[in-house]
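# A closer look at the structure
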Amino acid sequence: MSREDIIAYLGPDWDRVRDLIRSRLQTDVLLLGQTNDWILSNSGKMLRPLVALLVAKAIASPTEDSRCYAAAAELLHNATLIHDDVADESAERRGRPTLSALLGPGPAVLVGDFWLARAVDLVVRTDHRDRTIPILAKTLTDLAEGEMLQLEKAASGDTTEQDYLRIIHCKTASLFQSAAETAALSVDASPGQVEAAKAYGSALGAAFQIKDDILDYVGTDALGKPIGVDLKEQKITLPLLAALEGSPREAEIRQLVREIPEHPDHCGRILAFVAERNGVGLAARKLEEWVERAVRALDAFPDGEARRALVEIARFNQWREV
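Let us look at the structure shown here. Remember, predicted model here, so these are calculated numbers, not experimental data. (Residues numbered from 1 in each chain as written. Predicted model: local features only at pLDDT ≥ 70, side-chain atom pairs only at ≥ 80, totals over all residues. Heavy atoms only, no water.)

### Here we look at the overall build of the protein
Convention followed: Runs of E in the DSSP output that reach at least two residues are strands. Runs of H or I that reach at least four are helices, and both are numbered from the N terminus. Put simply, the radius of gyration uses C-alpha atoms, and a globule should come to 2.2 Å times the residue count raised to 0.38. The contact rule is simple, with two residues in contact once any of their heavy atoms fall within 4.5 Å. The Shrake-Rupley method, run with a 1.4 Å probe sphere, supplies the accessible areas, and residue values consider only the shown protein chains as cover. The charged-residue count follows a simple rule in which Lys and Arg add positive charge and Asp and Glu add negative charge, with His and chain termini not counted at all. A single reference atom marks each charge: NZ on Lys, CZ on Arg, CG on Asp, CD on Glu.
Looking only at helices and strands, the protein has 16 helices and two strands in total. For the protein, whose C-alpha radius of gyration is 20 Å, the value lies close to the compact-globule estimate of 20 Å for 322 residues. Counting only C-alpha atoms and orienting by the principal axes, one finds that the protein spans roughly 55 × 50 × 35 Å. Counting contacts in the protein only where the partners sit at least 6 residues apart, residues at least 24 apart contribute 75% of the total. Within the structure as shown, the protein displays about 14300 Å² of accessible surface, and the carbon and sulfur contribution to it stands at 53%. Here the protein contributes 38 positively and 50 negatively charged side chains, and the mean placements of these two sets differ by 2 Å.

This is the structure:
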């Protein structure tokens with residue numbers, strides 16, 4: 001089932017989500033409105049709202065709350081991308097200039113704040129807000145803590161696998177988790193189904209980020225960025241962590257990572273080390289484990305087209321190239 005097939009299956013629910021996103025971004029400030037239109041025209045796969053609607057549809061019929069939470073997930077996701085590009089001083093994202101590069105970091109932060117506020121506004125108007133507002137607050141906390149922990153560990157060069165898993169949960173998986181959990185709550189799912197939705201979203205998000213980190217070592221131009229960007233930013237991700245495990249050169253390699261700002265040529269030596277130790281292959285095995293964890297979580301849902309689509313989305317992480 002392709003993305004287009006899933007969108008056709010979701011039908012009016014998907015159209016309503018898109019309408020909600022656009023309507024919440026309306027403003028009489030010309031520059032802000034033009035900027036919002038530019039962001040929307042360059043939006044990605046909208047995977048989080050897809051997951052949210054499919055979770056709701058796998059359990060029952062999506063409600064207006066379901067659609068609001070799906071739209072809020074996309075608004076929040078874009079807000080975090082804008083803020084991340086400012087924090088990372090990124091000039092490009094997937095082959096296009098970032099908002100920070102176009103407008104400057106100050107205006108970009110303000111635009112990200114606007115999208116975040118619009119996401120919150122959607123959530124507080126829903127019937128299930130008493131249960132979902134704390135979820136949104138926890139997600140926002142996770143996002144901030146994950147970014148700061150990543151910055152801290154990039155400077156120290158002592159990232160462990162436990163640190164890495166916490167970072168990717170906070171920065172990526174937490175939003176998938178909240179999208180799936182709020183969707184389940186929006187259709188009054190059973191406690192077991194709510195927990196299953198959380199588990200699916202968390203594992204799916206972790207798998208998504210692990211695949212991104214693998215592609216940073218072996219990706220193609222289709223990604224819109226050269227290989228090794230994370231390493232240049234001193235981020236120790238799963239392929240390098242897997243290569244380091246059991247290696248007598250661990251202290252040496254970690255020192256090379258710490259010295260990258262003064263010696264960018266160290267990146268080539270580290271990439272060669274990861275290749276020699278099959279770090280990418282080892283990371284791919286762990287990716288498969290996270291994918292299977294996501295798929296197993298769906299056992300709590302009735303069999304049907306929505307559940308099968310969620311399985312395919314999880315397995316997509318094993319073979320996607322972008």
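Having seen it, we continue.
### With respect to the pattern of salt bridges
Applied cut-off: Each salt bridge in this description consists of a side-chain nitrogen of Lys or Arg and a carboxyl oxygen of Asp or Glu lying within 4 Å of one another.
Evaluated as defined, the whole model comprises 22 salt bridges. The shortest N-O distance in the salt bridge between Asp121 and Arg118 comes to 3.9 Å. With a gap of three residues between them, Asp121 and Arg118 both fall in helix H7 (residues 105-124), about one helical turn apart. Residues joined by salt bridges that share partners form a network here, namely Asp13, Arg16, Glu64 and Arg67.

### Remarks on helix H4 (residues 47-59)
Note the cut-off: Multiplying one less than the number of residues by 1.5 Å gives the expected span of a helix. Think of it in three bands: residues with accessible area under 20% of the maximum for their type are buried, residues over 50% are exposed, and the middle band is partly exposed, with areas taken using a 1.4 Å probe on protein chains only.
With 13 residues, H4 extends 19 Å between its outermost C-alpha atoms, agreeing within 8% with the 18 Å of an ideal straight helix rising 1.5 Å per residue. Counting buried residues in H4 gives twelve out of 13 residues, a clear majority hidden from the surface. Within the span of H4, buried status applies to Leu47, Arg48, Pro49, Leu50, Val51, Ala52, Leu53, Leu54, Val55, Ala56, Ala58 and Ile59. In this structure, the buried residues of H4 make contact with helix H1 (3-10), helix H2 (12-24), helix H5 (64-87), helix H9 (161-186), helix H10 (191-218) and helix H16 (305-319).

### Brief notes about the environment of Ile167
Along the chain, Ile167 falls in helix H9. In the structure, Ile167 is positioned 40 residues away from Ala207 in sequence and 13 Å away in space, judged by C-alpha atoms. Beyond its immediate sequence surroundings of up to four residues, Ile167 is in contact with Gly146, Leu149 and Gln150.

### Let's talk about the packing of aromatic side chains
Definition in use: Under the pairing criterion, centres of Phe, Tyr and Trp rings, with the six-membered ring standing for Trp, must be within 6.5 Å; the plane angle then separates stacked pairs below 30 degrees from edge-to-face pairs above 60, leaving the rest tilted. Sitting over a ring, as applied to charges here, requires NZ of Lys or CZ of Arg to be within 6 Å of the ring centre and within 35 degrees of the ring normal.
All told, the structure shown has two aromatic pairs when counted by the stated rule. When the centroid spacing of 5.7 Å and the interplanar angle of 45° are considered together, the rings of Phe176 and Phe208 count as tilted. Taken together, the residues Phe176 in helix H9 and Phe208 in helix H10 connect sequence positions 32 residues apart. Owing to a relative accessible area of 0%, Phe176 belongs among the buried residues under this scheme. The buried category is assigned to Phe208, whose relative accessible area is 15%. Plain terms: the ring middles of Phe316 and Trp319 are 4.8 Å apart, the flat faces sit at 85° to each other, and that makes the pair edge-to-face. Of this pair, Phe316 and Trp319 both sit in helix H16, three residues apart, which is roughly one turn of the helix. Among the residues examined, Phe316 registers a relative accessible area of 21% and is labelled partly exposed. Residue class for Trp319 comes out exposed when judged on its relative accessible area of 57%. In this structure, Arg118 is placed above the aromatic ring of Phe114, and the distance from its NZ or CZ to the ring centre is 5.9 Å. One residue, Arg293, lies across the ring of Trp290, its end atom 4.0 Å from the ring centre.

### Considerations on the packing of H4 against H5
Here is the rule we go by: To obtain an axis, a line is fitted to C-alpha atoms, over the contacting stretch when the element is a helix, and the angle between two such axes runs from 0 to 180 degrees between their N-to-C directions. Put simply, angles under 35 degrees are roughly parallel, angles over 145 are roughly antiparallel, angles from 65 to 115 are roughly perpendicular, and the rest are oblique. Two helices crossing with the near one rotated counterclockwise from the far one by less than a right angle form a left-handed crossing, whereas a clockwise rotation gives a right-handed crossing. Residue type decides the class: Asp, Glu, Lys and Arg count as charged, Ala, Val, Leu, Ile, Met, Phe, Trp, Tyr, Cys and Pro as nonpolar, and the leftover types, Gly among them, as polar.
Following both chains from N to C, one finds H4 and H5 inclined at 160°, their axes separated by 8 Å at the closest point. One finds that H4 runs roughly antiparallel with respect to H5. By crossing handedness, the relation of H4 to H5 is classed as right-handed. Counting all contacts with H4, which are made through Arg48, Pro49, Ala52, Leu53 and Ala56, the residues of H5 involved are Ser66, Arg67, Ala70, Ala73, Glu74 and His77. Here the residues of the contact of H4 with H5 are counted per class, giving six nonpolar, two polar and three charged.

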